[in-house]
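Summary of structural features
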Amino acid sequence: MKWSKKIKNTVIVIISVLVLYHIPIFMITFSADCDNDCRSLIYELNFKSGHRYHCSAYKYEGKYIIDMMTFTQTDKSRNKLLTEMRNNVIDFLDDNPEHILNRSQIVLAFSLGGTESIYVYNYDFSASENTCQLDAKELSYIDNLYVNDIEDIEPFAFARVMRFYPVSEEYSDMNAFDDFQAAEHIYIHCCKENACYDYFRQLSDKYPSVELLQN
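First things first, this report covers the structure right here in the doc. Owing to the predicted nature of the structure, the values given are computational and were not obtained by experimental measurement.

On a plain count of helices and strands, the protein chain comes out with four helices and eight strands. Walking the protein chain from its N terminus toward its C terminus, one meets helices and strands in the order α-α-β-β-α-β-β-β-β-β-α-β. Counting only residues that meet the buried cut, the protein chain has 43% of its 215 residues in that class. Taking as baseline every contact in the protein chain between residues at least 6 positions apart, the subset at least 24 positions apart corresponds to 52%. Counting every atom, the protein chain has about 11800 Å² of accessible surface; 52% of that belongs to carbon and sulfur.

This is the structure:
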């Protein structure tokens with residue numbers, strides 16, 4: 001009887017802890033500004049990762065805009081985490097083939113803490129007419145990426161289209177895009193007055209998919 005009572009008390013404690021732990025998740029997952037179609041995605045992401053996704057997912061002009069999280073990490077760790085979170089979304093879409101997001105245009109927004117955000121699309125944002133890809137799970141289009149070191153783009157080797165802005169004045173790795181096998185177009189924004197302009201001009205000469213744009 002004593003053991004039964006101990007087991008019963010232990011079960012009660014475990015259940016209480018689980019309930020208390022998951023209350024914040026439910027509050028975030030089902031916040032008022034979360035679009036109904038996105039709730040199951042955010043709910044699963046909250047359980048799969050150690051992060052708490054602030055759900056402000058909404059539908060705008062037929063596109064689902066999903067506010068993922070705010071980053072405070074360095075570029076290298078931030079970009080690695082960003083791609084992991086992007087892969088978690090793809091896993092959800094794979095596991096739920098009938099979900100409406102598989103047939104929709106998706107924009108993942110990763111805030112940098114101020115007014116800037118990195119955006120990950122499942123369609124070519126740079127095209128004059130944005131048409132959703134047949135495979136909505138691609139999420140291979142990266143916009144508004146700021147990098148201090150050219151090596152920081154390594155996690156994005158899956159990118160088909162990417163637009164990024166160099167922050168540093170010093171770069172040396174001339175093999176930056178060797179692993180970008182799927183790249184269709186890489187836009188690099190750089191002022192001609194910048195000391196690194198010649199470096200990026202050489203990159204655009206070396207890689208046919210790279211286009212250097214003057215700010």
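Counted according to the given criterion, the structure contains four salt bridges. Notably, a salt bridge pairs Asp 143 with Arg 163, separated by 2.8 Å at the nearest N-O pair. Taken as a pair, Asp 143 in strand β5 (residues 141–147) and Arg 163 in strand β6 (residues 161–166) lie far apart in primary sequence, 20 residues in all. A relative accessible area of 21% places Arg 163 in the partly exposed class. Note that Asp 198 is salt-bridged to Arg 201, the shortest N-O span being 3.7 Å. You can see Asp 198 and its partner Arg 201 sitting in helix α4 (residues 197–206), three residues apart, about one turn around the helix. Relative accessible area serves as the criterion here: at 44%, Asp 198 is assigned to the partly exposed category. By relative accessible area, Arg 201 is classed as partly exposed at 36%.

Turning next to the state of the cysteines. The tally for this structure, following the rule as stated, stands at zero disulfides. Cys 196 takes part in no disulfide bond, and the closest cysteine sulfur to it belongs to Cys 190, at a distance of 3.9 Å. What makes Cys 196 buried here is its relative accessible area of 3%.

Burial within strand β3 (residues 105–111) is extensive, with seven of its seven residues counted as buried. Across five bridges, the pairing between β3 and strand β4 (residues 117–121) is antiparallel. Across the sheet, the residue bridging to Val 107 is Tyr 121, located in β4. Hairpin connection between β3 and β4: a loop of five residues separates the two successive antiparallel strands, and Gly 113 in this loop has a positive phi of roughly 100°.

With that settled, the discussion passes to the packing of aromatic side chains. In the structure shown here, the tally under the stated rule is twelve aromatic pairs. Here the aromatic rings of Tyr 171 and Tyr 199 are separated by 5.7 Å at their centres, their planes lie at 10°, and the arrangement is stacked. Within this pair, whereas Tyr 171 is found in the loop between β6 and β7 (185–189), its partner Tyr 199 is found in helix α4, the two being separated by 28 residues in sequence. Exposure class is identical for Tyr 171 and Tyr 199. Each is buried. Relative to Tyr 207, the ring of Phe 177 has its centre 5.5 Å away and its plane inclined at 75°; by these criteria the two rings are edge-to-face.

Glancing now at the pairing of β7. Taken across its five residues, β7 has four buried, putting it largely inside the fold. On the question of chirality, the crossover connecting β7 to the parallel strand β8 (residues 210–213) by way of α4 is right-handed.

Looking now at a negative patch on the surface. Taken together, the side chains of Asp 149, Glu 151, Glu 154, Asp 178 and Asp 179 make up a negatively charged region of the molecular surface. In this structure, Asp 179 sits in the loop between β6 and β7. You can call Asp 179 exposed: its relative accessible area is 59%.

Now for the environment of Glu 193. Turning to its location among the elements, Glu 193 is positioned in the loop between β7 and α4. Among the residues examined, Glu 193 registers a relative accessible area of 70% and is labelled exposed. Expressed as a C-alpha distance, the spacing of Glu 193 and Gln 214, which sit 21 residues apart in the sequence, is 9.5 Å.

We now examine the side chain of Arg 86. Looking at the element boundaries, Arg 86 is found in helix α3 (residues 75–95). If we ignore the near neighbours within four places in the chain, the residues touching Arg 86 are Leu 108, Val 120, Glu 138, Leu 139, Ser 140 and Phe 158.

What counts and what doesn't
Residues numbered from 1 in each chain as written. Predicted model: local features only at pLDDT ≥ 70, side-chain atom pairs only at ≥ 80, totals over all residues. Heavy atoms only, no water. Helix = DSSP H or I, 4+ residues; strand = E, 2+ residues; numbered from the N terminus. Buried < 20%, exposed > 50% of the residue type's maximum accessible area, 1.4 Å probe, protein only. Contact = heavy atoms within 4.5 Å. Areas by Shrake-Rupley, 256 points an atom, 1.4 Å probe, with all protein chains shown as cover. Salt bridge = Lys/Arg side-chain N within 4 Å of Asp/Glu carboxyl O. Disulfide = S-S within 2.5 Å. Pairing = 2+ DSSP bridges. Phe/Tyr/Trp six-rings, centres within 6.5 Å; stacked < 30°, edge-to-face > 60°. Right-handed = clockwise from strand over helix to strand, strands pointing away. Patch = residues over 30% accessible without salt bridge, like charges linked within 9 Å, V, L, I, M, F, W, Y side chains within 5 Å. Lys, Arg positive; Asp, Glu negative; His and termini not counted. Charge placed at Lys NZ, Arg CZ, Asp CG, Glu CD.

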